[in-house]
Structure formats: C-alpha cells, structure tokens
Amino acid sequence: MFGTESSLSMFLNTLTPKFYVALTGTSSLISGLILIFEWWYFRKYGTSFIEQVSVSHLRPLLGGVDSSSPSNSNTSNGEADSNRQSVSECKVWRNPLNLFRGAEYNRYTWVTGREPLTYYDMNLSAQDHQTFFTCDSDHLRPADAIMQKAWRERNPQARISAAHEALELEESRSSPPLLSSCSCATAYILLAEEEATTIMEAERLFKQALKAGEGCYRRSQQLQHHGTQYEAQHRRDTNVLVYIKRRLAMCSRKLGRTREAVKMMRDLMKEFPLLSMFNIHENLLESLLELQNYADVQAVLAKYDDISLPKSATICYTAALLKARAVSDKFSPEAASRRGLSTAEMNAVEAIHRAVEFNPHVPKYLLEMKSLILPPEHILKRGDSEAIAYAFFHLQHWKRVEGALNLLHCTWEGTFRMIPYPLEKGHLFYPYPICTETADRELLPTVFHEVSVYPKKELPFFILFTAGLCSFTAMLALLTHQFPELMGVFAKAFLSTLFAPLNFIMEKVESILPSSLWHQLTRI
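In this text, all values refer to a predicted model and were calculated from it rather than measured experimentally. (Residues numbered from 1 in each chain as written. Predicted model: local features only at pLDDT ≥ 70, side-chain atom pairs only at ≥ 80, totals over all residues. Heavy atoms only, no water.)

Visitor: Could you give an account of the overall build of the chain, with specific residues and numbers?
Guide: Counting secondary structure elements, the chain contains 25 helices and two strands. Buried positions account for 46% of the 524 residues belonging to the chain. Taking all contacts inside the chain whose residues are at least 6 apart in sequence as the whole, residues at least 24 apart take part in 74%. As displayed, the chain offers around 27,500 Å² of accessible surface, 58% of which is attributable to carbon and sulfur atoms. (Helix = DSSP H or I, 4+ residues; strand = E, 2+ residues; numbered from the N terminus. Buried < 20%, exposed > 50% of the residue type's maximum accessible area, 1.4 Å probe, protein only. Contact = heavy atoms within 4.5 Å. Areas by Shrake-Rupley, 256 points an atom, 1.4 Å probe, with all protein chains shown as cover.)

Visitor: I'd like a description of the packing of aromatic side chains, backed by residues and values.
Guide: According to the stated counting rule, one finds seven aromatic pairs in the structure shown. Between phenylalanine 392 and phenylalanine 393 the ring centres are 5.0 Å apart and the planes differ by 75 degrees, which places this aromatic pair in the edge-to-face class. Among the aromatic residues, those joined into a cluster by ring pairs are Phe132, Phe133, Trp151 and Tyr243. Taking the ring centre of phenylalanine 358 as reference, the NZ or CZ of arginine 382 above it sits at 5.5 Å. (Phe/Tyr/Trp six-rings, centres within 6.5 Å; stacked < 30°, edge-to-face > 60°. Lys NZ or Arg CZ within 6 Å of the ring centre and 35° of its normal.)

Visitor: Residues and numbers for the confidence of the model for the chain, please.
Guide: For the chain, the average pLDDT comes to 78, and 77% of its residues sit at 70 or higher. When pLDDT is averaged over each helix and strand of the chain, the minimum, 40, is found for helix H4 (residues 77–86) and the maximum, 93, for helix H19 (residues 384–400). Here residues 64–88 scores under 50 on pLDDT; set against residues more than four positions off or in separate chains, the count is 36 contacts. Below a pLDDT of 50 lies the segment residues 175–180, which in the model reaches ten contacts outside its immediate sequence neighbourhood of four places, other chains included. (pLDDT = per-residue confidence, 0-100.)

Visitor: Break down empty space enclosed by the protein for me, citing the residues and quoting the values.
Guide: This structure, assessed with the given rule, holds seven cavities of 30 Å³ or more. Taken as a whole, the largest cavity encloses approximately 110 Å³ of empty space. If you list the elements that add at least two residues to the lining of the largest cavity, you get strand E1 (92–94), helix H15 (313–325) and H19. The residue inventory of the lining of the largest cavity, partitioned by class, reads seven nonpolar, four polar and four charged. Around the second largest cavity sit 13 residues that line it, and Arg101, His129, Glu193, Glu194 and Tyr243 are the ones nearest its centre. At the level of secondary structure, the elements contributing two or more residues to the lining of the second largest cavity comprise helix H6 (119–133) and helix H9 (183–195). Ranked by residues supplied to the lining of the second largest cavity, first place goes to H9 with four residues. For the lining of the second largest cavity, the per-class residue count stands at six nonpolar, two polar and five charged. (1 Å grid on protein atoms, 1.4 Å probe; cavity = no way out; pocket = protein on both sides within 12 Å on 5 of 7 lines; lining within 4 Å. Points joined across faces, edges and corners; volume = space filled by probe spheres on them. Nonpolar A, V, L, I, M, F, W, Y, C, P; charged D, E, K, R; others polar.)

Visitor: A description of the nonpolar core should follow, citing residues and the corresponding values.
Guide: Generally speaking, nonpolar side chains in soluble globular proteins are found buried as a group. Of all hydrophobic cores here, the largest spans 95 residues; its most connected members are Ile189, Phe206, Ile244, Tyr317, Leu366 and Trp398. Each of two domains, domain 1 (118–172 + 180–269) and domain 2 (292–458), supplies a minimum of three residues to this core. Beyond its immediate chain neighbours, meaning those up to four positions away, tryptophan 398 contacts Tyr317, Ala320, Leu321, Leu366, Tyr390, Ala404, Leu405 and Leu408. Counting residues in each nonpolar core, the second largest holds six residues, with Leu99, Tyr105, Leu117 and Leu374 among its members. (Core = buried A, V, L, I, M, F, W, Y, C linked by side-chain atoms within 4.5 Å. Domains from an automatic or database assignment.)

Visitor: Which residues make up the pattern of salt bridges, and what values go with them?
Guide: Taken as a whole and judged by the stated rule, the model has 17 salt bridges. Each of Arg101, Arg159, Glu194 and Glu377 takes part in salt bridges that share partners, so that together they form one network. (Salt bridge = Lys/Arg side-chain N within 4 Å of Asp/Glu carboxyl O.)

Visitor: If you had to explain unusual backbone geometry to someone new, which residues and values would you point to?
Guide: Of note, glutamine 292 is a non-glycine position whose phi angle comes to about 60 degrees, a positive value. One can find glutamine 292 in the loop between helix H13 (280–290) and helix H14 (294–304).

Visitor: Hey, could you go over the side chain of threonine 411 for me, with residue numbers and the actual values?
Guide: Structurally, threonine 411 can be placed in helix H20 (residues 404–411). Contact partners of threonine 411, with chain neighbours within four places excluded, come to Val349, Ile352 and His353.

Visitor: Can you tell me about the packing of H6 against helix H11 (residues 228–254), naming the residues and giving the values?
Guide: Close contact between H6 and H11 brings their axes to 7 Å; oriented N to C, the two are set at 120 degrees. For the element pair H6 / H11, the angle class is oblique. For the pair H6 and H11, the contacting residues are Thr131, Phe132 and Phe133 in the first and Arg236, Asn239, Val240 and Tyr243 in the second. (Axes fitted to C-alpha atoms, helices over the stretch in contact; angles between N-to-C directions. Parallel < 35°, antiparallel > 145°, perpendicular 65-115°, else oblique.)

Visitor: Break down the packing of H11 against helix H12 (residues 258–271) for me, citing the residues and quoting the values.
Guide: Two elements in contact, H11 and H12, have axes separated by 7 Å at closest approach and are oriented at 160 degrees. Relative to H12, the element H11 lies roughly antiparallel. Here H11 runs over H12; the crossing is left-handed. Listed contacts from H12 to Val242, Lys245, Arg246, Leu248, Ala249, Ser252 and Arg253 of H11 are Thr258, Glu260, Ala261, Met264, Met265, Leu268 and Glu271. Looking at the contact of H11 with H12, its residues break down into seven nonpolar, two polar and five charged. (Left-handed = near helix turned anticlockwise from the far one by under 90°.)

Visitor: I'd love a proper account of the side chain of glutamate 194, names of residues and values included.
Guide: By secondary structure assignment, the location of glutamate 194 is in helix H9. A polar side-chain atom of glutamate 194 sits 3.0 Å from a polar atom in the side chain of arginine 159. (Polar contact = N/O pair within 3.5 Å; in protein donor to acceptor, adjacent residues only side chain to side chain.)

Visitor: Help me get a handle on H11, residues and values and all.
Guide: Counted at 1.5 Å a residue, the expected span for H11 with its 27 residues is 39 Å, and the 39 Å between its end C-alpha atoms agrees. Counted residue by residue, H11 has 21 buried out of 27 residues, so it is predominantly covered. Immediately beyond the C-terminal end of H11, within one or two residues, lies glycine 256, with a positive phi of roughly 90 degrees. (Expected span 1.5 Å × (residues − 1).)

Visitor: Hey, could you go over H20 for me, with residue numbers and the actual values?
Guide: Every buried residue of H20 is listed here: Ala404, Leu405, Leu407, Leu408 and Thr411. Buried residues of H20, seen end-on, are gathered within an arc of 160 degrees and therefore sit on one face of the element. (Arc of directions from axis to C-beta.)

Visitor: Which residues make up the environment of glycine 403, and what values go with them?
Guide: By the secondary structure assignment, glycine 403 is in the loop between H19 and H20. Its relative accessible area of 23% is what places glycine 403 among the partly exposed residues. Separated by 78 residues in sequence, glycine 403 and arginine 325 have C-alpha atoms that sit 7.9 Å apart.

Visitor: An account of the environment of arginine 253 is requested, with residue identities and associated values reported.
Guide: Mapped onto the fold, arginine 253 is located in helix H11. With a relative accessible area of 16%, arginine 253 lands in the buried category. Sequence-wise, arginine 253 and serine 287 are 34 residues apart; in three dimensions their C-alpha atoms are separated by 7.0 Å. Among the polar contacts made by the side chain of arginine 253, one reaches the side chain of glutamate 290 at a distance of 3.4 Å.

Here you go:
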C-alpha cells in the first residue's frame, strides 16, 4: 500500500509544467471540436446529437419509455405545399368577432382610462369601411357624400355628427327611386357601432339599418346590369346588407339568444355563399360551441378545414378541442407514459400539435399563463393578435370540456421538438413568418400588453456544457503556460485532495484485513 502511494507521489513529482499545458490544451481542443460538431448538428437538425443518441439508444437499454408523441405522418404534404403558395405572409385580416366600439371598447376606456385600440388598427378599420360602405357614385347623392366623408373622419364625434346630419338630410328630402340613397343604412351602422353604449341599443339601430339596407339592396339588384355605376352600387349594397345581418346575429349571441344567432348566421351563409371575406363560419363555430352542439361543429369544420382554404386559429384549435374532448376526461400523463398513447389519444395530441404549430401563442392564454386583453379589430394570422382574439371568446369552451386544458398543458410544448430548425422549414404548415412580431406591435396596445413572440428553441444542455468545458480547459492551458510552477503546485494539491478519500479507504481496508491476505491480493 505504501509502495503504491510512493509510486504515485514520484509520478506526480516527475510531471513537468509542459505536461499540464499539453493536457489542458488537448482537453480544450477536444471539447472545442465537440462543441463545433454539436452546434452544427443543432443548426441543421434542431436537436443535440449527444442528447438524441442518449434518448434513442441508451434510454431504451435502461428501460425508459419514449413518451414523445409521433409526428402526424398521415398529414399529406399537399396541405403544406398548398398553404405555402396560397397564403401571404403578413396579411392583416378583419377580426370576425370584433367588439362594438361604443358598447364595449369605449366602456373599457371609461372604466380603465386605457385605449384598447391602436391608431394603426383603427386606421385599417376606416379603410375597410370606405371599401365596404362607399362607391364611386356617392358624390351624386348629398347624404351619401356626407357619409363618404364621415368614414374618412378621424374624430369619433365628427363621424357621429356626420351620421346624424346624413339621416336628417335623408328624412327631409324624397329621393327618386333610381337614385335612392343608401346613406340611411350606413348612417345607422356608424351610430350602432360608435354611439350606442349598450348591445340592446346597438341592436335597435342595426334593425333600422336592416330595414333601409334591404330596400336599397332590392332596388340595386334590379338595376345592377344597367351599367358599371349600378353594378358598383349593388356591390356596395350587398356588403352593407351582409354586414348588418352579421352584426345583428352577433347582437343576438351577446344577448343570450344563441339559437337565434345560429339560425341568422346559417341563413346568411346560405344567402351569400361567396362572401367568405367576412368569415361568418367562425362566428357560427363559436355559437355552436356555446350550445355544445359538437356534431354541427364537426360538420362546419369538415367544410372549412380544407386543404384549399386558408386556416385560422379558430379552425385548428376547434378541431383539436373536438378530438381532445373524446379522451381528455380520462387522460393521465402517468398512465400514458406507462402504457403509451392509444389511437384516440394520439389523434388528439397530433391535433394539438397541429394547432400549436399554426399559432404557438394561443396555449399561454388558454392555460392562463398570460393575461388577456380586449381583442383588436384586426388580427394577423398565426400572430399574438389572433391568439388573443381566439382565447378571448373560446377559453370558456375549453374550460367546459373536462380535462381538455390538462391535455393541452401536458402536450403543447412537444410541438416545438417536431418543428424543423431553422424556422425557414415548415412541418405541417408554411414557415412561420418572421414579420409577425412587428405587425402585432402595430395592432396591439404595447403600453400595457407585452406582445408574445414565437417560442425560440433553447440551446440544448450538452452544447452549453461543452462550451463551458472548452472555455474552462482553454483558460487552464493559458494559466499553466503563463504560470507553470504555480499551476503545477495547484495541480498536485488538487490531485492529492482528489485521491485522499481513496487513500483513506485503502488504509481502513488494510487495517481490517490480515497482512498475509492483503499481500496475496496485491500480488494478484
């Protein structure tokens, strides 16, 4: 035993500082090469090579179960290709469930003193109103000319005053049938949206707008083939009528008459099947979920969750909710990790992964990890604005399905392990737009809301570990080269301290065992 100790001491004393420089330098070089390879592999495949090998090969040998959900291999590549071609990156869409300015947005401002809408959002709404509610022939009719200016006004009070002026002017004159004005309908729309302070008052004004709008629509329908002027007028009157009926349906939904709202939406979609720009089916989906009529929800999804149609958070997350509903009440992550996922559970998890990949911001709002604000009047698909608009109206439907939020909580983060890295590659959808964050900052009130950004992949542990190891050994090599004697003393002290427990154990063993037996063991 003492011969072994003396041999070790002699070996340590014979080591020169050059040996320590070579040792630390070689260690730094090897760890640096491992770091470079790990970084290259992570940039190309989005995962750590060491971590992947340990999970794929070592974990099964140790009896572990890979509980990560498989990717949706049954999803056709045609969906991704079609979406890549058909969907523009950062197009801003009208929020199909947008609130009423007077009865909802303004009430929030009165209570909190905060402005829920940004200037950019309101400016987009002004452009929409001019597109939907005006036409080139409006200047021929005084009341329509007033409303044409009203939609361009920035001051809300000026817009409301102009709407009242247009109504007074329309009541004081009798227009001939061929030149009948539609300003009554649009004036009532403006007052219902901005002046009405309750939903009931807004509904009353929309009913007056409907009476005027239907008359204008019938007259322009008969005259639409008489020239381009009448054709443009009929297109405007159609937009006005559809807008009024949709907002009346939304009033019914907000006042608790959900079945009536569903009937109005169905009739509207049947009467104007080509006007998909209003996305009325999203209003219908929300109302059907409120009625818990899941069979009809599935029927609507079967029609609109199609490869050729643009997706939305409402479509993707509603499809995930329906599949989660079938298994969520009995789902247990512990049981699933032991026995694996059943077919129904796998379908539900794949649907959640699909929804999260489309819009990764929604889960934090549904799981109440982030506070909600009032949704904007415009949304950016796959952005934080769309996530807020969806969660604001659909959180209650997820809570109503027992275990759905628990299933979402257990599985949604697994989506990011499947998405290729870098993000220029898509998995089930076209690549995530890099301009989303910038556009959302224009749509959302950043004064009191922190815009959610795309969850960026964190560096794997082994990359950080090899980076630290490389830096530490490189520093040791540099210090050994600069201060060889001092570092030699530190190295001997470190090794002596390291081997101290071993020496202590050997001494204890030697004192317990007979000397003859210990002699025979050392010879072996």
